Amino acid sequence: MAYKIIAGFLVLLVALAFHLHMDMIVLLNLSFIKFAMNGLLVLSLIPMLNAGMGMNFGLPVGITAGLIGMCIAVNFKLTGLVGLLISALLGGFIALAFSEVYGRILIAVKGREEIASTFIGFSFIPLMNFFWSLVPFSNRQMLYPIGGSGLRPRIGLNPYFTSTLDQLWSIKVGNFVLPFGLLLVYGIIAGLIHYFFKTTSGKSICAVGENDAFAKASGLNVKKIKLLSVRISLVIAAVGIVVYAQSFGFLELYDAPLMMAFPAVSALLIGGASAKKGTIIHAIIGTYLFQSIYLLSVPIANELLLPEISEIVRNIITNGIILYALLISEKGGRYA
Amino acid sequence: MLKKYQMPLFFFVLSIIGISVSGLSPSFVLNETVNRFVRNGVMIFALIIPIKAGMGLNFSVTVGAMCAQMGYIIAIAAGLGGKLGGVAALSLSLTFAIVFGVLIGHCLNQVPGKEMITTMIIGFLANGFYQLIFLVCVGSIIPVKNTEILLSRGTGVRNLIDLEPFRGVLDKIFVVTLHDISFPMFMIGVVLFFGAFINYLMHTPFGKEIKCVGDSSDRAYMVGINSKKVRIKAIVLSTVVASLGHMIYLQNIGMLNVYTGHLKHEIFASAALMAGGATIKDATVRQGILGLLVFHTLFIVSPQAGQQLFDNPALGEYFRSFIAYGTIALALIVNLKNSETV
Amino acid sequence: MNKPILELNHVGKHYGQHEVLKDINFSLMPGKILGIIGANGSGKSTLMNIIFGHQVIKNTGGYTGVIKVDGQRMDVNYEGNATQYGIGMVHQEFALFPKLTIAENIKLGNENIVKDFAKHVLKDYLLIDHKKDQMEAQEKLESLGLEIDASMLVDHMSISVKQFIEIARELDRNHLKLLILDEPTAVLNDKDSQLLITALKKLVKKGISVLFISHRLEEVMCLCDHLLVLRDGETVGYYENGSITLDQLAIEMIGEKVQKTVSNRALDTKEVQMRFENFQVDYPGEALENFSLEIYKGEVLGITSLSGHGKLAVAKGLIGFYPTRGAIHMNGLDITNLTYQEKITKGLYVLCEDRKNVGLLLEHSIGENIVFTAQQLYRKYSKPHFGGLMKLYDKASADKAVSKYCEQLDIVCRSHQQVVKTLSGGNQQKVCLARSLSLEPDILFVSEPTRGIDIAAKEKVLQSLIESNRKDKMTLVIASSELEELKRLCDRIVVLSEGRISAILSPDASAKEFGLAFSKGGSSDGL
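Residues numbered from 1 in each chain as written. Chains lettered and ligands numbered in written order. Predicted model: local features only at pLDDT ≥ 70, side-chain atom pairs only at ≥ 80, totals over all residues. Heavy atoms only, no water.

1. Comments concerning the overall build of chain B
For chain B, the count of helices and strands is 13 helices and four strands. For chain B, the spread of C-alpha atoms along the principal axes amounts to about 55 × 50 × 35 Å. Looking at chain B residue by residue over its 342 residues, the buried ones come to 58%. Partitioning the intrachain contacts of chain B with sequence separation of at least 6 by distance along the chain shows that 75% fall at a separation of at least 24. For chain B, the accessible area works out to roughly 13600 Å², and carbon and sulfur atoms hold 66% of it. (Helix = DSSP H or I, 4+ residues; strand = E, 2+ residues; numbered from the N terminus. Buried < 20%, exposed > 50% of the residue type's maximum accessible area, 1.4 Å probe, protein only. Contact = heavy atoms within 4.5 Å. Areas by Shrake-Rupley, 256 points an atom, 1.4 Å probe, with all protein chains shown as cover.)

Below is the structure:
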């Protein structure tokens, strides 16, 4: 439903872009990069959503794990694919550690996971800010130039692994460049998630999400299964931010991840996911539509001499879609 | 008894430690606390009614704040000042607050059990539309008489609007100074009046209905209460009180940050209320007042304390944010635990 | 005084195709008490909901026929409930607010205001006169014979006091003409019931009429002026009190149908397979206490009771949905503290009555629903991937099993991929049953196996259950409100009343024996 409106809006933007004589090939190139760059963060929402824990508005928790992983890799000046791989691995392990606590809290607040995860995410950010300010890393390029202690809010990744994946095995056809390596990584992870939901463990997650009384009446350990889904979600989020950062070229710390959950949630909803169930296809369609709109709206807004409008429109779409999904999903409830 | 005052006591101890570490003079802290009490006081009372009605923390009080800002901006844009401008701003913001309150109330009736996350998203979404109107539409689609408030490009309102005609008008009434601490008695009275008003409401048939709906809307139906209507009224009231609270806040500050002035008030008010010992299921006016005092004292001293302790004022800022979000997160977790909704 | 307070003419109610109430006619004079008696599914609660104007009725298409209150015809689609017609209802599940005081509860919606300033406009926003409210509430309570301080919170009150508070609240509405009491004494002990009955008799003297619904026949006989017996949605009798005996009433309620018992047989050996000792389940509204029972290997055991009297609690307690106490032994093992998963692997399975919420994954296919539990717990119908690290759905073996069960149970569907929520109730129930059978349990607990399904499906379900019992030697425990079915299938029938075993009867026992066992009062301790 929602994706039709959004797709219509995208067509309108494409038409506008043509009208304004923009370089469509460049935009197409970018659209693939933007898609894969944000795609994993969107995918990471799926396991928890399917386990009936709602949209993971606490995405910053997983993201933070990935950021720590990257910081360690950068501190040891690891570059290229090795740097990326180590970042992702470390990030994944830290995410596992976080999920033990995060998951247990969410299990305890059953039925209200969304508001609880939102505020866990929100309060986790300032807590991590202490960490960023006090952690004794030694790589000068990561630290505040003055004083020499505390990490910078924005660490350039140029000397390490900026665009490593974007350029890996990229295929050039004329002006058009297909970031094959990047898409491959996205594809593999998406494929793995898809495969996982075919296995018995994956199916148990879906059963818990659809009806946890049924799961219990089938002898399943509901808590264990929910914890598993939180672990998977957080690990993918950690890997996701690594992929994001290498495309973006910067490691953004401090308050940067604060609001990152909302566009991701919105993208998944645009793709057709409900507030209870999402699939890889939803994530792919949603991410592409959402990111393309944002991508197109920036130059168009600049042409119109109202540069702020793209950010505002993104904000309205993000929250409008989430609100819409909330209102629709609860129809037929007690007050209907 | 101890359990009841656990949270405020904890905050009080933290504040005391903060004051002693920061090296700020007690009179400075006290002055600031009084100032913040009258500035932020009314907003906190906007949260109590929805909590009593079982809807949890109403994060869409930001919409009320936006209504207040719209009132001021329109009054200034129309070139009105003084008493006329004040009345215009007030009546405009009240009208907006009622209209939006009804809208939000209808939305929330669709999402029983998920009111809090919904109010939060509504706040974000409203902020988007607000920005769209004032940054893009004003000056281009909506004509303005007083072009001074526009950006130089002719479209969009400036980031900062001077509220000269309204600055401190209420604060200056009946100020009593004891030693070097000044008490704006009139404003303290206003804040207390709002608290008393909420208290009064809870002792009317309407307040009783609110309590019943908050307890169980099914049982409320059985005894003939229309829960939907009561919930809408609760949200309208909350939005109206929030907009009044923000009007007071703005006249105290004297400057209007058009695009950021309304943000985060919902967080600070909620956190202060929770710090006073309230929960997301029950809150009283007394807890609100207590929370205001302890929470804002901590807020005043923490940057300076961070500076003194770690030679880094930013750490104090982080501590502030952490306290604000963390208090709400803690209240949510503690309250939602063991309350299976199925 | 000759005009009836309440008059029902040809009142009926359909839920979809299903007719739950047919042509109910009666009238109730002022100051009289009418007792309504009926077993499960007799339509008593539907009738109450219609009279009180419950949402459920309006949301499902209203009712047919005419109801007149005090000669005035009731509007079918009015807003809110029947309080505006002068009808008050005391709900079984208490419409009280525990965080308010007794007085506040009693005066709810009828508060005194301190000052009458602009009363009509601002009424809801004026200060409540707590003192006056308190006084009036106290008076109301005293008029019911209850000595209690009205300023206390309802939260701490006993169940019987809550009952009185609710009656006092209804009384407080000045124009109360009719009071409906839904199973008021089910939660009271004998002494409090007496108190209640005295209070009601006092009320009636003031000209208020009472509709009294109860399963306790003795009380109904002692209190009511008239008796209306419902069975299967129809009136089977309307009696003056005194014109019928208790035994006759019991028979009327159950219905004397001649029913062939298919399984009247003596078990070869009475080997105990499962034993409950003082089993207790804290299932709100359906609690079970002091449940001690031995279940023999290979038998078919029925458990029945009126709704809310505990027959569904055994199964729910075994799964672990509600806290339990007491001990359970099965096949010589103490399984009291095992998780439900472990109980399943030891040979137990429970099929709950709540198909849609507990029994099925409505969004999944028939095939997935049938094999789900076996796949999860026994890794059946799955093939290992990555050297056993992952188990994948094995379509071939699953399909084979699903086909077998679909055939065996006659599951009518387009394909095994059809989503379960699109199936009829009967086929859904068969899917549930197929899943249970695919686990090959030694002992199967089934709750309400035939509820809400058509006749053909009913027969098939029952037949399959019996077949598994006979052929595979599966012990079967059926909890059901359908006494006729239990009589046909079971070797023994346990009757519960108020959460305790009131009798263990042979399926050949008479309607009177069953009727009396159902309506046994709370003071007995079971057998």
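2. Section: the interface of chain A and chain C
Chain A puts 18 residues into the contact, and the matching count from chain C is 32 residues. Taken together, the two surfaces of chain A and chain C that pack against each other cover about 2000 Å², and 60% of this comes from carbon and sulfur. Taken together, chain A and chain C are joined by one salt bridge. Note that Lys203(A) is salt-bridged to Glu368(C), the shortest N-O span being 3.0 Å. Seen at the junction of chain A and chain C, the total is nine residue pairs in polar contact (both at pLDDT 80 or more). With six residues, helix 9 (residues 200–210) of chain A is the largest single contributor of residues to the side of chain A that touches chain C. Split by residue class, the side of chain A that touches chain C holds eight nonpolar, six polar and four charged. (Buried area = accessible area lost by both parts, 1.4 Å probe. Salt bridge = Lys/Arg side-chain N within 4 Å of Asp/Glu carboxyl O. Polar contact = N/O pair within 3.5 Å; in protein donor to acceptor, adjacent residues only side chain to side chain. Nonpolar A, V, L, I, M, F, W, Y, C, P; charged D, E, K, R; others polar.)

3. What to know about the packing of helix 5 (residues 80–108) of chain A against helix 11 (residues 222–248) of chain A
All names here are of chain A. Between helix 5 and helix 11, the least distance of the axes is 7 Å, while the angle of their chain directions is 145°. When the axes of helix 5 and helix 11 are compared, the crossing they make is right-handed. Tallied by class, residues from the contact of helix 5 with helix 11 come to 14 nonpolar, six polar and five charged. (Axes fitted to C-alpha atoms, helices over the stretch in contact; angles between N-to-C directions. Left-handed = near helix turned anticlockwise from the far one by under 90°.)

4. Considering the sheet that holds strand 2 (residues 18–28) of chain C
All names here are of chain C. The strand order 2-1-4-5 describes an open sheet built from four strands, whose pairing is antiparallel. In this open sheet, the two strands that pair with only one neighbour each are strand 2 and strand 5 (72–73). The pairing of strand 1 (residues 6–15) with strand 2 spans seven bridges and is antiparallel. In the strand pairing of strand 2, Leu 8 is matched with Phe 26. In the packing of helix 1 (residues 44–52) onto the sheet, the strands contacted are strand 1, strand 2 and strand 4 (64–69), and the crossing angle to strand 1 comes to about 115°. (Pairing = 2+ DSSP bridges.)

5. Description of a positive patch on the surface
All names here are of chain C. On the surface, a cluster of positive charge is contributed by Lys 201, Lys 202, Lys 205 and Lys 206. In this fold, Lys 201 is placed in helix 7 (residues 190–205). A residue is classified by how much of its surface remains accessible, and Lys 201, at 38% relative accessible area, is partly exposed. (Patch = residues over 30% accessible without salt bridge, like charges linked within 9 Å, V, L, I, M, F, W, Y side chains within 5 Å. Lys, Arg positive; Asp, Glu negative; His and termini not counted. Charge placed at Lys NZ, Arg CZ, Asp CG, Glu CD.)

6. Quick look at the domain arrangement of chain C
Annotation of chain C at the domain level lists domain 1 (1–86 + 179–250), domain 2 (89–174) and domain 3 (272–518). With centres defined by C-alpha atoms, the gap from domain 2 of chain C to domain 3 of chain C works out at 46 Å. (Domains from an automatic or database assignment.)

7. Focus on the nonpolar core
Residues Phe119(A), Leu151(A), Leu251(A), Met274(C), Phe276(C), Phe291(C) and Phe445(C) are the most contacted members of the largest nonpolar core, which totals 377 residues. With 14 residues, the top contributor of residues to this core is helix 11 of chain A. Residue contacts for Leu251(A): discarding those within four places in its chain leaves Leu67(A), Met70(A), Cys71(A), Val74(A), Pro153(A), Arg154(A), Ile155(A), Leu157(A) and Ala245(A). Among the nonpolar cores identified, the runner-up in size contains 31 residues, and Ile5(C), Leu21(C), Met74(C) and Leu178(C) belong to it. (Core = buried A, V, L, I, M, F, W, Y, C linked by side-chain atoms within 4.5 Å.)

8. Thoughts on unusual backbone geometry
At His21(A), a position not held by glycine, the phi torsion is positive, near 55°. Within the secondary structure, His21(A) sits in the loop between helix 1 (2–19) and helix 2 (24–43). Residue class for His21(A) comes out exposed when judged on its relative accessible area of 72%. Even without a glycine there, the phi angle at Glu498(C) is positive, about 50°. Locating Glu498(C) in the fold gives a position in the loop between strand 21 (492–497) and strand 22 (500–505).

9. Brief notes about the packing of helix 5 (residues 82–109) of chain B against helix 6 (residues 115–137) of chain B
All names here are of chain B. Relative to each other, helix 5 and helix 6 sit at 140°, their axes nearing to 10 Å. Between helix 5 and helix 6, the crossing angle belongs to the class labelled oblique. For the pair helix 5 and helix 6, the crossing hand works out as right-handed. Across the interface between the two elements, Ile 104, Cys 107 and Leu 108 of helix 5 pack against Glu 115, Thr 118, Thr 119 and Ile 122 of helix 6. Among the residues forming the contact of helix 5 with helix 6, the class breakdown is four nonpolar, two polar and one charged. (Parallel < 35°, antiparallel > 145°, perpendicular 65-115°, else oblique.)

10. Some thoughts on the packing of aromatic side chains
Centre-to-centre distance and the angle between the planes together describe a pair of aromatic rings. Within this structure, the stated rule accounts for 34 aromatic pairs over all chains. Ring plane angle 70° and centroid distance 5.3 Å describe the contact between Phe131(A) and Trp132(A), whose orientation is recorded as edge-to-face. By relative accessible area, Phe131(A) is classed as partly exposed at 31%. Here Trp132(A) falls in the buried class, since its relative accessible area comes to 2%. Counting every residue linked through ring pairs, the aromatic cluster contains Phe57(A), Phe119(A), Phe122(A), Phe262(A), Phe59(B), Phe124(B) and Tyr325(B). (Phe/Tyr/Trp six-rings, centres within 6.5 Å; stacked < 30°, edge-to-face > 60°.)

11. Observations regarding the pairing of strand 2 (residues 175–178) of chain B
All names here are of chain B. Examined bridge by bridge, strand 2 and strand 3 (residues 181–184) share four bridges and lie antiparallel to one another. Counterpart to Val 175 in the pairing with strand 3 is Pro 184. Between the antiparallel neighbours strand 2 and strand 3 lie two residues, among them His 179 with a positive phi of about 50°.

12. Details of the side chain of Thr200(A)
In this structure, Thr200(A) sits in helix 9. Ignoring anything within four residues of it in the chain, the contact list for Thr200(A) reads Gln375(C), Gln376(C), Arg379(C), Ser382(C) and Lys391(C).

13. Examining the pattern of salt bridges
Residue and element names in this part refer to chain B. Tallying each qualifying case throughout the model produces 31 salt bridges over all chains. Of the charged contacts, one joins Asp 162 and Arg 167 as a salt bridge, the two residues approaching to 2.6 Å between their closest N and O atoms. Here Asp 162 falls in the partly exposed class, since its relative accessible area comes to 38%. Among the residues examined, Arg 167 registers a relative accessible area of 31% and is labelled partly exposed.

14. Considerations on the interface of chain B and chain A
Between chain B and chain A, the contact holds 49 residues from the first and 43 residues from the second. Our enumeration of links across chain B and chain A arrives at two salt bridges. A salt bridge links Glu114(A) to Lys114(B); the shortest N-O distance between them is 3.3 Å. Linking chain B with chain A are three residue pairs in polar contact (both at pLDDT 80 or more). If you list the elements that add at least two residues to the side of chain B that touches chain A, you get helix 5, helix 6, helix 9 (217–222), helix 10 (227–253) and helix 13 (313–336) of chain B. Taken together, the residues that form the side of chain B that touches chain A break down as 27 nonpolar, 15 polar and seven charged.

15. Concerning the sheet that holds strand 10 (residues 234–240) of chain C
All names here are of chain C. As summarised here, the arrangement of the six strands in space is 6-7-8-3-9-10, forming an open sheet in which the pairing is mixed. Here the strands that pair on one side only, and so sit at the sheet edges, are strand 6 (87–90) and strand 10. Taking each pair of neighbouring strands and ignoring which way they run, the sheet shows an average axis angle of 20°. With four bridges connecting them, strand 6 and strand 7 (residues 178–182) associate as parallel partners. By the bridge assignment for strand 7, Val 90 is matched with Leu 181.

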